Amino acid sequence: MNYQERLHERDADLIEINDIFGDSDPLIKYYVEPNCQNINPANLNEDEPDAVVRTPVFDSLNNYLNREFVIQGDGRNQLFILSDAGLGKSSLLVMIKLCELLPKVGWQFDVENKRPVELIKLDASALGKVRAIENKNNTILLLDALDEDPLAWQKPERRLLKVLQASSNFRRVIITCRTQFFPEKGVSSYGTQEKLSIGGFVCPIVFLSPFDHKQVSEYLDKRFPNKESPDELNNIERSCMILENAKSLSFRPFLLSHIEDLLNSEEREWTELSVYDELVSVWILREVRKKSAANLSEEQLRLACIAIAAKMQESGVRYLTKNELDKLIKKLPEIGNVVNVEYGSKSLLNRNSEGNYRFSHFSVQEYFLSKYVIELSIPDRKYEINPIKLISVVRNKIRLTRKCLEFISLHHNPNWSYGNAFLLDDMILDGFDFSDVSWNGCSFSRSSLRDANLSGSDISEANFSDVTLVGADLSNSVCMSTIFSGVDFSQADLQQANASDAKFGGAKFNDSNLKGLVGMDRPPKDAEFIDTIMPTGKRKTIKRLTSSSSGRARSARR
């Protein structure tokens, strides 16, 4: 029985895959096998030749899945597949599962696994599903998107350890994650193989490679197979021109999967942001032209997507129920017609079999989340009432991902009429990398930036009042005239930072390193320094005086 026949018969496995991961039909039609490698592609210069050996991923996985070795619960049976966004991690796991369900697919890609396969998206309920699986020692377990698991956002290493413990008894385990999210601590080279060592587990790591020119051509041949058609030949020629302008972005399968939406674009120099801007604009225009989208404008659909993305991120989920959307609509009635749209297979926003809303790719959700943050920073004078501010979410529950911050940072250009003063207030930004980037004039007030990396960044004239910077790295940063009032700098590193004219009133510097800090000639009277390395390099303790202790001091002086 083929894919369409099984789907027609309401095959529960296929319906579940489509609900969670999107329509599998185009994936089967156009899938091109990627390569994998043992060295992180981000550490290589794409313009220079290298000696990295890239292997077709199914060849590598066949060897991993079928090689016999004793399972000892030490991580050797738990493989991590890492890559940047849009390089096909989820698609790979879906294809492995489809190869089990549809033998013809397995034959096409020479997947040799003959054991049961379980595919699970990592979320709050995932480990319960893992524990309920029977016959673990004969089962292949696929766990997708550690970086999208809300339980991994605050303490990724703790969550990772729980995932490894829960899956240790399976015959083989494959876990996917974005490279940038993956904890660097514990990763080291074992010969030519990178491995993760954590809590007694030593797990192998491989990286998905970007497509090469041959794979791009193979994809375009599948997408436009009729070489006798002038239109299709023109599409291939036009696609090649677009991909040439997109440079390294052209080798991401996610971009290729939407190449038809870019064919009429006049863009000449693509960035990741401009790619998404164009994809979203084309999709929104296509959706609002449908009869089912009557009375829904482009701006309303865009606003609805922003609201849905913000709500999903606040809740830590990848889908939104109809009831939850109704609550958003009560605050924003103008987006109400979004429920009447019949979304197609190419839609960036879709509905599953239960009517829940989800984006086609997590990066699309992150794109709209970045628009939420950016729109909040636009001065109120543009609107009588800024509709973005009517989205009913608790902002300090929203975690901005690294990709979302990348989208935001790409707006740093002089042509943006509202400047670069982004409002990042009341956000959870723990552990993010803001290094070597200008955040001049931004407001981070009341946000949490625990363990954030701000080294080498320009945060001059920014507002960090009442921010948590515990364990943060601000070394060599430029923070002139920055407001740090009420900031908790405990265990933070401010070595060689330039804080001239910065305001530190009420700040805590307990166990922090201020060696070489410029701009603090005298410790602020109302700041607290406990076991602190001062700018001079000497360690001091200066406790903040409370009102009662200062009263006793005055009495003693009398």
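Just so it is clear, the structure is predicted and the values come from calculations on it, not from any experiment.

**Quick notes on the overall build of the protein chain**
For the protein chain, the count of helices and strands is 18 helices and 13 strands. Its C-alpha atoms give the protein chain a radius of gyration of 26 Å, near enough to 24 Å, the size a compact globule of 558 residues would have. Viewed in the frame of its principal axes, the protein chain has a C-alpha envelope of about 95 × 60 × 50 Å. Burial analysis of the protein chain (558 residues in total) assigns 52% to the buried set. Within the protein chain, contacts between residues at least 6 apart in sequence are counted, and of these 50% link residues at least 24 apart. Here the protein chain has roughly 26,100 Å² of accessible surface; of this, 47% comes from carbon and sulfur atoms. Positive and negative charge centroids in the protein chain, built from 71 and 78 side chains respectively, lie 8 Å apart.

**Overview of the environment of Ser-167**
Here Ser-167 is to be found in helix α9 (residues 156-167). Classification of Ser-167 as buried rests on a relative accessible area of 1%. Spatially, the C-alpha atom of Ser-167 lies 7.9 Å from that of Arg-131, the residues being 36 residues apart in sequence. Sequence-distant contacts of Ser-167, defined by excluding residues within four places in its chain, comprise Asn-77, Gln-78, Val-130, Leu-141, Leu-143 and Val-173.

**Things to note about helix α14 (residues 298-315)**
Within an α-helix, residues lying three or four positions from one another point in the same direction, as the helix has 3.6 residues per turn. Over its 18 residues, α14 extends 26 Å from the first C-alpha to the last, a length consistent with the 26 Å expected when each residue adds 1.5 Å. With 14 of its 18 residues buried, α14 lies for the most part within the structure. Phi turns positive, to about 70°, at Gly-316, one or two residues after α14.

**Looking at the confidence of the model for the protein chain**
Residues with a pLDDT of 70 or more make up 91% of the protein chain, whose mean pLDDT is 87. Across residues 414-419 the pLDDT falls below 50, and counting only partners more than four positions away or on other chains, this stretch makes 8 contacts in the model. Across residues 547-558, where pLDDT falls below 50, the model places 1 contact with residues more than four positions away in sequence or in other chains.

**Some details on the packing of aromatic side chains**
Within this structure, the stated rule accounts for 23 aromatic pairs. Feature note: the residues Phe-434, Trp-439, Phe-444, Phe-464, Phe-484, Phe-489, Phe-504, Phe-509 and Phe-529 constitute an aromatic cluster, connected by ring pairs. Taking the ring centre of Tyr-64 as reference, the NZ or CZ of Arg-172 above it sits at 5.8 Å. Between Arg-223 and the ring centre of Tyr-30, over which it is positioned, the NZ or CZ distance is 4.2 Å.

**Describing empty space enclosed by the protein**
By the definition in use, this model includes 2 cavities of 30 Å³ or more. Taken as a whole, the largest cavity holds about 90 Å³ of empty space. Lining of the largest cavity is provided by Ala-85, Gly-86, Leu-249, Arg-252, Phe-254, Leu-255, Glu-272, Val-275 and Tyr-276. Elements that contribute at least two residues to the lining of the largest cavity include exactly α12 (253-257) and α13 (272-288). In terms of residue count, the dominant contributor to the lining of the largest cavity is α13 (3 residues). Of the residues that constitute the lining of the largest cavity, the class distribution is 6 nonpolar, 1 polar and 2 charged. Surrounding the second largest cavity, Glu-148, Pro-150, Trp-153, Gln-313, Gly-316, Val-317, Arg-318, Phe-362 and Gln-365 form its lining. Looking at the lining of the second largest cavity residue by residue, the class counts come to 4 nonpolar, 3 polar and 2 charged.

**A few points about the side chain of Asp-425**
Here Asp-425 shows up in the loop between α17 (402-409) and β12 (529-533). Arg-446 provides the closest opposite charge to the buried, unpaired Asp-425, separated from it by 4.3 Å. Aside from chain neighbours lying at most four places away, what touches Asp-425 is Arg-395, Ser-443, Phe-444, Ser-445, Arg-446 and Ser-447.

**Quick look at the pairing of strand β8 (residues 193-198)**
Note that β8 and strand β9 (residues 201-208) share 4 bridges and pair antiparallel. By the bridge assignment for β9, Ser-197 is matched with Val-202. Taking the residues between adjacent antiparallel strands as the criterion, β8 and β9 are bridged by 2 residues, where Gly-199 takes a positive phi near 55°.

**Examining the pattern of salt bridges**
Counted according to the given criterion, the structure contains 26 salt bridges. Measuring nitrogen to oxygen at the nearest pair gives 2.9 Å for the salt bridge that ties Glu-100 to Lys-97. Placement of both Glu-100 and Lys-97 in helix α5 (residues 89-101) is noted, with a separation of 3 residues, approximately one turn of the helix. A relative accessible area of 8% means that Lys-97 is categorised as buried.

**Observations regarding the packing of α13 against α14**
In the contact formed by α13 and α14, the axes pass within 9 Å of each other and the chain directions differ by 120°. By the angle between their directions, the pair α13 and α14 is classed as oblique. Note that α13 runs across α14; the crossing there is right-handed. Here Val-280, Ser-281, Trp-283, Ile-284, Leu-285, Glu-287 and Val-288 of α13 lie close against α14, whose contacting residues are Glu-298, Leu-301, Arg-302 and Cys-305. Its residues assigned to classes, the contact of α13 with α14 comprises 7 nonpolar, 1 polar and 3 charged.

**Looking at a positive patch on the surface**
A contiguous patch of positive charge, built from Arg-131, Lys-155, Arg-158 and Lys-162, is present on the exposed surface. In this structure, Lys-162 sits in helix α9.

**Brief notes about the nonpolar core**
Counting residues in each nonpolar core, the largest one holds 107 residues, and the members touching the most others are Tyr-372, Leu-400, Leu-469, Phe-484 and Phe-489. When residues in this core are grouped by element, the largest group, 10 residues, is from α14. Ignoring anything within four residues of it in the chain, the contact list for Phe-489 reads Leu-469, Leu-474, Phe-484, Leu-494, Phe-504, Ala-507, Lys-508, Phe-509, Asn-510 and Ser-512. The next biggest cluster of nonpolar side chains, apart from the first, holds 33 residues, and it includes Leu-27, Val-57, Leu-92 and Val-94.

**Brief notes about helix α11 (residues 230-246)**
For α11, built from 17 residues, the straight-helix expectation of 24 Å at 1.5 Å per residue is met to within 8% by its first-to-last C-alpha distance of 24 Å. If you follow the buried residues of α11, they end up packed against α10 (213-223) and α12.

**Thoughts on the environment of Ser-435**
Position of Ser-435 among the secondary structure elements: in the loop between α17 and β12. Take Ser-435: its relative accessible area is 14%, and that puts it in the buried class. In this structure the C-alpha to C-alpha distance between Ser-435 and Ala-452, which are 17 residues apart in sequence, comes to 8.9 Å. Separated by 2.5 Å, the side chains of Ser-435 and Asp-433 make a polar contact.

Rules behind the numbers
Residues numbered from 1 in each chain as written. Predicted model: local features only at pLDDT ≥ 70, side-chain atom pairs only at ≥ 80, totals over all residues. Heavy atoms only, no water. Helix = DSSP H or I, 4+ residues; strand = E, 2+ residues; numbered from the N terminus. Rg over C-alpha atoms; globule rule 2.2 N^0.38 Å. Buried < 20%, exposed > 50% of the residue type's maximum accessible area, 1.4 Å probe, protein only. Contact = heavy atoms within 4.5 Å. Areas by Shrake-Rupley, 256 points an atom, 1.4 Å probe, with all protein chains shown as cover. Lys, Arg positive; Asp, Glu negative; His and termini not counted. Charge placed at Lys NZ, Arg CZ, Asp CG, Glu CD. Expected span 1.5 Å × (residues − 1). pLDDT = per-residue confidence, 0-100. Phe/Tyr/Trp six-rings, centres within 6.5 Å; stacked < 30°, edge-to-face > 60°. Lys NZ or Arg CZ within 6 Å of the ring centre and 35° of its normal. 1 Å grid on protein atoms, 1.4 Å probe; cavity = no way out; pocket = protein on both sides within 12 Å on 5 of 7 lines; lining within 4 Å. Points joined across faces, edges and corners; volume = space filled by probe spheres on them. Nonpolar A, V, L, I, M, F, W, Y, C, P; charged D, E, K, R; others polar. Salt bridge = Lys/Arg side-chain N within 4 Å of Asp/Glu carboxyl O. Pairing = 2+ DSSP bridges. Axes fitted to C-alpha atoms, helices over the stretch in contact; angles between N-to-C directions. Parallel < 35°, antiparallel > 145°, perpendicular 65-115°, else oblique. Left-handed = near helix turned anticlockwise from the far one by under 90°. Patch = residues over 30% accessible without salt bridge, like charges linked within 9 Å, V, L, I, M, F, W, Y side chains within 5 Å. Core = buried A, V, L, I, M, F, W, Y, C linked by side-chain atoms within 4.5 Å. Polar contact = N/O pair within 3.5 Å; in protein donor to acceptor, adjacent residues only side chain to side chain.

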